[in-house]
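# Structure at a glance
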Amino acid sequence: MKITYKRDLSHSYMVASGRGKAEAYEEKMLAKNEIAVFLPYHTTELDGEVQYWYDITGKRSLRDYLTQEKVTKEHLRAVLEALGNACRQLEEYLIAQERVLFSVDGIFVEHSGESCEVSLCYCPLKERDMRREFQSVTEHLIAEVDHADEELRKICYDLYEESLREEFSITVAAERLQEVRPEPVVVTEVEERCIQIRQQAYEEEEAEVWEPEEEEELTLWERLLERVTDWKDQLLGGVVSKRKELFPLPKEEEDFVFDAAAMCEPKTQMLSEIVQPKVTRLVYEGKSKSPDIVLEQETITIGSKPGDNTIVLAFPGVSRYHARIRKVDDEFCIEDLNSTNGTYCNGQLLSYHEPHVLQRMDQILFADVAYRAV
């Protein structure tokens, strides 16, 4: 199975290509019922392969969600609960989990406040292993989450172990992890008093000031000897520097060698060998106040949501997570993050996750916000 991305002026699509078709009863079920958890799609056939075109306009994949958000255990539990609810909805319509694309690029997350919803892709292509797909999700979670959070790390590893079971089910895995919640820590009055005493002792230790040992006082003769030594060093140093200034040493002359070949034959240089200057920033070309984008970091995110983006563009047409610039092999590449109004390079609309290497004088549009690469 191969996944690509396409885009036109009004829609963004994820295209899954491969061999295989939906079962007859599933086709009828999907045709008669609008299952809310599934993304809208249409199919085409090309060279013996079936292409499933999913409308992902304005959606955010699980991969981007984990990269852009600082995922907490509450976020992860909300996503797992939403996945469990989605799978139960599929069971009501007799849709097997093996017919759904469970990968970091096939699960789309909409998380706002306490509300979390997921959108899934119906994908009956044959070259797939649903359990292996979900194992890759758990491996991605383990790599992305903050390992300093012990509880969050434990949830990820428990989820990975669940995915290794022979009779693996996302519904069952989500229910088991929802049941495992940490018990609140109860501190008694005696324990609290002990903590206060230890804290007080620690603060008293920190408050102690180190005092240096007193140096032995020099005699009058020793102080006079030190002063005479300093004057001697200063006097001799000044005389030497003045002598070098008035009577400089002659420079050694190098023997002149005449190279007739170098004088007569000019050096040739291929145009391909000329190193082009690298792009170092994107300069804002609009009339309102907006920051230039200095390319100094490995990854730079651009969007309208403060706190989650490196560069915040407070314009109506810019999406919350609009685009990303990454350094790849000493070059900077820009890619669209499935923004609503698109990212353009020299008038060409970029597809979702389609990297473009920035060149000097490229014009970049984040919706209608113009920048120039210099």
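Please refer to the structure placed before this passage.
In this report, we go over the structure that sits alongside the text. (Residues numbered from 1 in each chain as written. Predicted model: local features only at pLDDT ≥ 70, side-chain atom pairs only at ≥ 80, totals over all residues. Heavy atoms only, no water.)

### Considerations on the packing of helix α3 (residues 73-92) against helix α5 (residues 150-163)
Direction vectors running N to C along α3 and α5 enclose 30°, while the axes themselves pass 9 Å from each other. Relative to α5, the element α3 lies roughly parallel. Here K73, L76, R77 and L80 of α3 come into contact with α5, specifically with E151, L152, I155, C156 and L159. Considered class by class, the residues forming the contact of α3 with α5 number six nonpolar, no polar and three charged. (Axes fitted to C-alpha atoms, helices over the stretch in contact; angles between N-to-C directions. Helix = DSSP H or I, 4+ residues; strand = E, 2+ residues; numbered from the N terminus. Parallel < 35°, antiparallel > 145°, perpendicular 65-115°, else oblique. Contact = heavy atoms within 4.5 Å. Nonpolar A, V, L, I, M, F, W, Y, C, P; charged D, E, K, R; others polar.)

### Quick word on the sheet that holds strand β16 (residues 363-366)
Pairing is antiparallel in the open sheet, where six strands are placed in the order β8-β7-β17-β16-β13-β14. Two strands in the sheet have a free side with no partner beyond their single neighbour: β8 (293-294) and β14 (348-349). (Pairing = 2+ DSSP bridges.)

### Thoughts on the state of the cysteines
Here the structure, examined in full by the defined rule, presents zero disulfides. Take C121: it sits in no disulfide, and the sulfur closest to it among the cysteines is that of C123, at 7.6 Å. On the basis of relative accessibility, which here comes to 0%, the residue C121 falls in the buried class. (Disulfide = S-S within 2.5 Å. Buried < 20%, exposed > 50% of the residue type's maximum accessible area, 1.4 Å probe, protein only.)

### Overview of the nonpolar core
Core analysis: the largest hydrophobic core is formed by 40 residues, its most contacted members being F38, F102 and L120. Listed by contribution, the elements that provide at least two residues to this core are α2 (62-68), α3, β6 (115-119), α4 (130-144), α5 and α6 (170-179). Of all the elements, α3 adds the most residues to this core, at nine residues. Here L120 is in contact with V37, F38, L39, L83, A86, L90, V100, F102, G106 and I107, once residues within four sequence places are set aside. (Core = buried A, V, L, I, M, F, W, Y, C linked by side-chain atoms within 4.5 Å.)

### Considering the packing of aromatic side chains
All told, the structure shown has ten aromatic pairs when counted by the stated rule. Here Y13 and W53 contribute two aromatic rings whose centre-to-centre distance is 5.7 Å and whose plane-to-plane angle is 70°, an arrangement assigned as edge-to-face. Residue Y13 is found in strand β2 (residues 12-18), and its partner W53 is found in strand β4 (residues 49-55); the two are separated by 40 residues along the sequence. On the numbers, 6.0 Å between centres and 50° between planes, the contact of Y41 with Y54 is tilted. Placement of Y41 in strand β3 (residues 41-46) and of Y54 in strand β4 is noted, with a sequence separation of 13 residues between them. Three or more aromatic residues joined by ring pairs form one cluster here, namely F38, Y41, Y52, Y54 and Y122. (Phe/Tyr/Trp six-rings, centres within 6.5 Å; stacked < 30°, edge-to-face > 60°.)

### Here's the deal with the sheet that holds β3
The antiparallel open sheet is built from four strands, whose spatial order is β1-β2-β4-β3. Each of the sheet's edge strands pairs with one partner strand only, and the pair in question is β1 (2-7) and β3. The average angle at which neighbouring strand axes cross in this sheet is 25°, direction not considered. The pairing of β3 with β4 spans six bridges and is classified as antiparallel. If you follow L46 over to β4, its bridge partner there is E49.

### Here we look at unusual backbone geometry
Of note, L94 is a non-glycine position whose phi angle comes to about 60°, a positive value. By secondary structure assignment, the location of L94 is in the loop between α3 and β5 (108-112).

### Quick word on the packing of α4 against α5
Between α4 and α5, the shortest axis-to-axis distance is 9 Å and the interhelical angle comes to 165°. Considered as vectors, α4 and α5 are oriented roughly antiparallel to each other. With respect to the hand of their crossing, α4 and α5 are arranged in left-handed fashion. In contact with R131, F134, Q135, T138, E139, L141 and I142 of α4, α5 contributes C156, Y157, L159, Y160 and S163. A per-class count over the contact of α4 with α5 returns seven nonpolar, three polar and two charged. (Left-handed = near helix turned anticlockwise from the far one by under 90°.)

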